[in-house]
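Close look at the chain arrangement
Here's the letter readout for the chains.
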Amino acid sequence: MQFKNTLEFAQSLDKHDALKGYRQKFNYPQVNGKDVIYFTGNSLGLQPKIATDYVDDVMKDWAQLAVEGHFYAEKPWWDYHERLAKPLAKVVGAKPEEVSVMNTLTVNLHFLLVSFYRPNKKRFKILCEEKAFPSDQYLLQSQVRFHGLDPKDAIVEVKKRDGEHFWRTEDVLAKIDEVGDELALVLIGGVNYYNGQVFEMEKITAAGKKAGAFVGWDLAHAVGNVALHLHDWNVDFAAWCSYKYMNSGPGNASGIFVNEKYLNTKAIPRFEGWWGNKKETRFLMEPEFDPIATADAWQVSNPPVLSLAPYLASLQLFEEVGMDALLNKQKTLTAYLEFILNEVDKQVESTFEIITPEARGCQLSVFLHGEGRAIFDYLMEEGVITDWREPNVIRLAPTPFYCSYEDMFRFGEILKRGLQR
Ligand SMILES: *Cc1c(COP(=O)(O)O)cnc(C)c1O
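Looking up the chain in an unreviewed UniProt entry gives the name Kynureninase, with the organism given as Croceivirga radicis. Recorded in UniProt for the chain, the comment headed Cofactor (unreviewed entry) runs: "pyridoxal 5'-phosphate". In its Subunit (unreviewed entry) section, the UniProt record describing the chain reads: "Homodimer."

Take a look at the structure:
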């Protein structure tokens, strides 16, 4: 498609947008009396309007039924989380029994490492990307230390090449090869939070498995943003938060994926609690743990129903739209934003550079030469919500659910004015 940097062109794209009706289904913050242009769905997704109804339903059931709500609410609480597994399984390319919802992301990764990082004398190394999201770095370092090892020996980072802003798959594969039979675990962010790069998850998973390691993915920036086929890719485990592209609300519950080959087996240890026990025998309060034959076996506590309610509301929208339609719009919308940025770059003296590689979801990370922070503040004042990362990067995530082509055009005009000042 031949893009044009005009309002008419942007509006004509919106007119033919299969998802155009979904913009009204979200609440927007206001700046100067107008809806903001929201580029931070990669940090906290907007609130779906139906989320309030779902939360109110639980509040009403609690008021009217109290403890009976566990079994007699319209959506009973004791298995509320099961309603999320099926739509989520479609989003991540899994079987519903491979998916569960519980806790928060870093907590779940710790729990999953109980199962999938069990180092021995020979096999003890973890491979990850350099400068992983800080929580992931702390997670890996503390896990390694917990096992009496030194992070300096046990954590192997794949580096970017000098002068490049992205990781090369060949370098990841070479590193896996190099670590060889010392490799216990590969754990990488499927989409990097900083440069927006999508890792070649299928290839890297295959290589890690071939080396005899477990392979897991942190999908915080991938879920709801890029195509995932966790089951077909033979991934061992994965976890993600839901408040970014999944629009579930601040700090909300995390999802996990456990490959079906580890379900219903005693070969893999885990930390257990009563909600991982089979439903039929749970309330017999027997001393012996009788695990559910699904990823729910990793559930420890009874689910936080009030938080799951807005997550379920959001999943209803994903269910209606489907990942294919979302990904279709995302490709065009992001390409349009890239085009607009390049147009602005031609019109003002070149002051920035897109560091996101071609393998991307909806995020474009823009490195600003010079006064980056001032531009970020100016954009905020103009009602353009972006996100600032040191040393000089603005991240723009035009999420297909609720961003329009017109937003991209208007953003370009605002940015141009700011840079010309
Ligand atoms: C957002 C994000 C997290 C957040 O972790 P929480 O436990 O939900 O606070 C962790 N890892 C990555 C890669 C992220 O992008």
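The contact between helix α1 (residues 7-15) and helix α14 (residues 405-420) brings their axes to 7 Å, and the two run at 160°. Relative to α14, α1 is oriented roughly antiparallel. Of the residues in α14, those touching α1 at Leu7, Ala10, Gln11, Leu13 and Asp14 are Tyr405, Glu406, Phe409 and Arg410. Counted by class, the contact of α1 with α14 contains five nonpolar, one polar and three charged residues.

A few words now on the UniProt feature "modified residue: N6-(pyridoxal phosphate)lysine" (unreviewed entry) in the chain. In the numbering adopted here, UniProt assigns the feature "modified residue: N6-(pyridoxal phosphate)lysine" (unreviewed entry) to Lys244. Locating lysine 244 in the fold gives a position in the loop between β11 (237-240) and β12 (254-258). Not counting residues within four places of it along the chain, the set of residues in contact with lysine 244 comprises Gly41, Asn42, Ser43, Leu44, Gly45, Ala220 and His221.

Every α-helix carries 3.6 residues per turn, so stepping three or four residues along brings you back to the same face. With twelve residues, helix α5 (residues 105-116) ought to run about 16 Å at 1.5 Å a step, and its terminal C-alpha atoms sit 16 Å apart, in line with that. Tucked inside the fold, the buried residues of α5 contact β6 (99-102), α6 (134-146), β9 (183-189), β10 (214-218), β11 and β12.

In the vicinity of the ligand, the contacting residues are Leu105, Thr106, Phe133, Asp136, Asp218, Ala220, His221, Tyr243 and Lys244. Within the side chain of tyrosine 243, a nitrogen or oxygen atom sits 2.5 Å from an oxygen atom of the ligand. Separating an oxygen atom of the ligand from a side-chain N or O atom of lysine 244 is a distance of 2.6 Å. With the chains in place, 83% of the 390 Å² that the ligand exposes on its own is no longer accessible. Of the residues that constitute the shell around the ligand, the class distribution is four nonpolar, two polar and three charged.

Parameters and conventions
All chains use their own residue numbering, which begins from 1 and follows the written sequence. Local features are withheld for residues below a pLDDT of 70 in this predicted model, meaning they are given only at 70 or higher, and side-chain atom pairs are given and counted only at 80 or more; totals for whole chains, interfaces and linings count all residues. Based on all heavy atoms of the structure, the side-chain values leave hydrogens and waters out of the count. UniProt positions are given in the numbering used here, feature names are shortened, and annotations may be inferred rather than shown by experiment. Where helices are involved, their axes are fitted lines through C-alpha atoms of the stretch in contact, as for all axes, and angles between N-to-C directions lie from 0 to 180°. In this description a helix means any DSSP run of H or I spanning at least four residues, a strand means any run of E spanning at least two, and both kinds are numbered starting from the N terminus. Each angle is binned into one of four classes, with values under 35 degrees roughly parallel, values over 145 roughly antiparallel, values of 65 to 115 roughly perpendicular, and all other values oblique. In what follows, residue pairs with any heavy atoms lying within 4.5 Å of each other are defined as contacts. Each residue is assigned to one class: nonpolar for Ala, Val, Leu, Ile, Met, Phe, Trp, Tyr, Cys and Pro, charged for Asp, Glu, Lys and Arg, and polar for all the others, Gly among them. Any helix carries an expected span of 1.5 Å times its number of residues minus one. One heavy atom suffices: a residue is near a molecule or strand as soon as one of its heavy atoms comes within 4 Å of it. Nitrogen and oxygen atoms within 3.5 Å of one another constitute a polar contact, given that in protein one can donate a hydrogen and the other can accept it, and given that sequence-neighbouring residues count only through two side-chain atoms. Using the Shrake-Rupley algorithm and a 1.4 Å probe, accessible areas are obtained, with residue cover drawn only from the displayed protein chains.

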